[in-house]
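Understanding the architecture of this molecule
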Amino acid sequence: AMDDISDFLVASGTSLERYCPSWPEKLPCPEPPVYLFKISSWSWINRAVDDVRQAVLSGPVPCTMKIYDDFTFYESGVYEHVTGPFNLSHAALIVGWDLYPPEGVPCFIVKNSFGRSWGEEGFFRIGFSQVTNEVHFGDGVFLVL
């Protein structure tokens, strides 16, 4: 759960990505891991598009979402769930938003953990509509303080 992750970041911290790169590029992480950064505290954010956008102004915002089959085939563009069964819950990092993308669908810009060869060089865009549908984008969204 995101509250457990947040509490871990307060108590133990984490290392820079270059010391423990994202899957699937290079695993496993070195033992013992090099913890360099802690957060002082965290706070839940209301899962509403405007509240999440406001939070991103302060920096990247971790969140969760539900992944359906069609997301596993994402390559580029603005993702909006269309078809396929639920696969799993997933965590990602919201880094921005775009109100006027070429596709015409306002969206969040999100860093994923699947490596740079996935999606848009390791990132994906997801429509604001995915906050209020079955994808539940932004569940478990919290602000690092």
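Residues numbered from 1 in each chain as written. Predicted model: local features only at pLDDT ≥ 70, side-chain atom pairs only at ≥ 80, totals over all residues. Heavy atoms only, no water.

1. Comments concerning the overall build of the chain
The cut-off we apply is this: Helix and strand assignments follow DSSP, with helices taken as H or I runs no shorter than four residues and strands as E runs no shorter than two, numbered in order from the N terminus. Throughout this description, buried means an accessible area under 20% of the type-specific maximum (1.4 Å probe, protein chains only), exposed means over 50%, and partly exposed covers the range between. In what follows, residue pairs with any heavy atoms lying within 4.5 Å of each other are defined as contacts. Using the Shrake-Rupley algorithm and a 1.4 Å probe, accessible areas are obtained, with residue cover drawn only from the displayed protein chains.
Per the secondary structure count, the chain includes three helices and seven strands. Going from the N terminus to the C terminus, the chain shows its helices and strands as α-β-α-β-α-β-β-β-β-β. Buried positions account for 37% of the 145 residues belonging to the chain. Considering only contacts in the chain between residues 6 or more positions apart, those separated by 24 or more positions represent 59%. Of the roughly 8300 Å² of accessible surface on the chain, a fraction of 57% belongs to carbon and sulfur atoms.

2. Here we look at the pattern of salt bridges
Opposite charge on two side chains permits pairing when their charged atoms draw close. For clarity, the cut-off: Definition used for salt bridges: Asp or Glu carboxyl oxygen within 4 Å of a side-chain nitrogen of Lys or Arg.
One pass over the structure, following the stated rule, counts five salt bridges. Of the charged contacts in the structure, one is a salt bridge between Arg125 and Glu103, with a shortest N-O distance of 2.9 Å. Pair noted here: Arg125 is in strand β6 (residues 123–127) and Glu103 is in the loop between β4 (86–98) and β5 (107–111), with a separation of 22 residues, a long-range link. Judged by its relative accessible area of 13%, Arg125 is buried. Measuring nitrogen to oxygen at the nearest pair gives 3.3 Å for the salt bridge that ties Glu121 to Arg116. Relative accessible area serves as the criterion here: at 53%, Glu121 is assigned to the exposed category. A relative accessible area of 57% places Arg116 in the exposed class. Residues joined in a network through salt bridges with shared partners are Glu103, Glu120 and Arg125.

3. Concerning the nonpolar core
In plain terms, the rule: As used here, the term nonpolar core means buried Ala, Val, Leu, Ile, Met, Phe, Trp, Tyr and Cys residues forming a set that is joined through side-chain atoms within 4.5 Å.
Counting residues in hydrophobic clusters, the biggest one holds 25 residues, and the most contacted among them are Ile94, Phe108, Val110, Phe124, Ile126 and Phe137. Those elements giving two or more residues to this core turn out to be α2 (49–56), β2 (61–68), β4, β5 and β6. With five residues, the single largest contributor to this core is β2. Counting five residues, the second-largest nonpolar core is a separate cluster that includes Met2, Leu9, Trp42 and Phe142.

4. Points about the sheet that holds β5
By definition, the strands of a sheet pair up through backbone hydrogen bonds, in either a parallel or an antiparallel sense. Put simply, the rule is: Whether two strands pair depends on DSSP finding at least two bridges between them.
Taken together, five strands build an open sheet; the order of strands is β2-β4-β5-β6-β3 and the sheet is mixed. This sheet does not close on itself; its edge strands, each paired only once, are β2 and β3 (78–79). Bridge count between β3 and β6: two bridges; the pairing is parallel. For Val78, the partnering residue across the bridge sits in β6 and is Arg125.

5. Some points on the environment of Asp7
Inspection of the secondary structure puts Asp7 in helix α1 (residues 2–11). In the structure, Asp7 is positioned 35 residues away from Trp42 in sequence and 8.2 Å away in space, judged by C-alpha atoms.

6. Notes on the environment of Arg125
Which entries qualify depends on this criterion: Polar contact criterion, stated in full: a pair of N or O atoms within 3.5 Å, where within protein one must be able to donate a hydrogen and the other to accept it, and residues adjacent in sequence count only if both atoms are side-chain atoms.
Distance from Arg125 to Tyr79, taken between C-alpha atoms, is 6.0 Å for residues 46 residues apart in sequence. Setting aside anything within four residues of it in sequence, one finds Arg125 in contact with Tyr74, Gly77, Val78, Tyr79, Pro101, Pro102, Glu103, Cys107, Phe108, Ile109 and Glu120. A distance of 2.9 Å separates polar atoms of two side chains, one belonging to Arg125 and the other to Glu103.

7. Quick notes on unusual backbone geometry
Non-glycine residue Glu121 carries a positive phi angle of around 55°. For Glu121, the position within the fold is in the loop between β5 and β6. Look at His136: it is not a glycine, yet its phi comes out positive at around 55°. With respect to the helices, strands and loops of the structure, His136 is situated in the loop between β6 and β7 (142–144).

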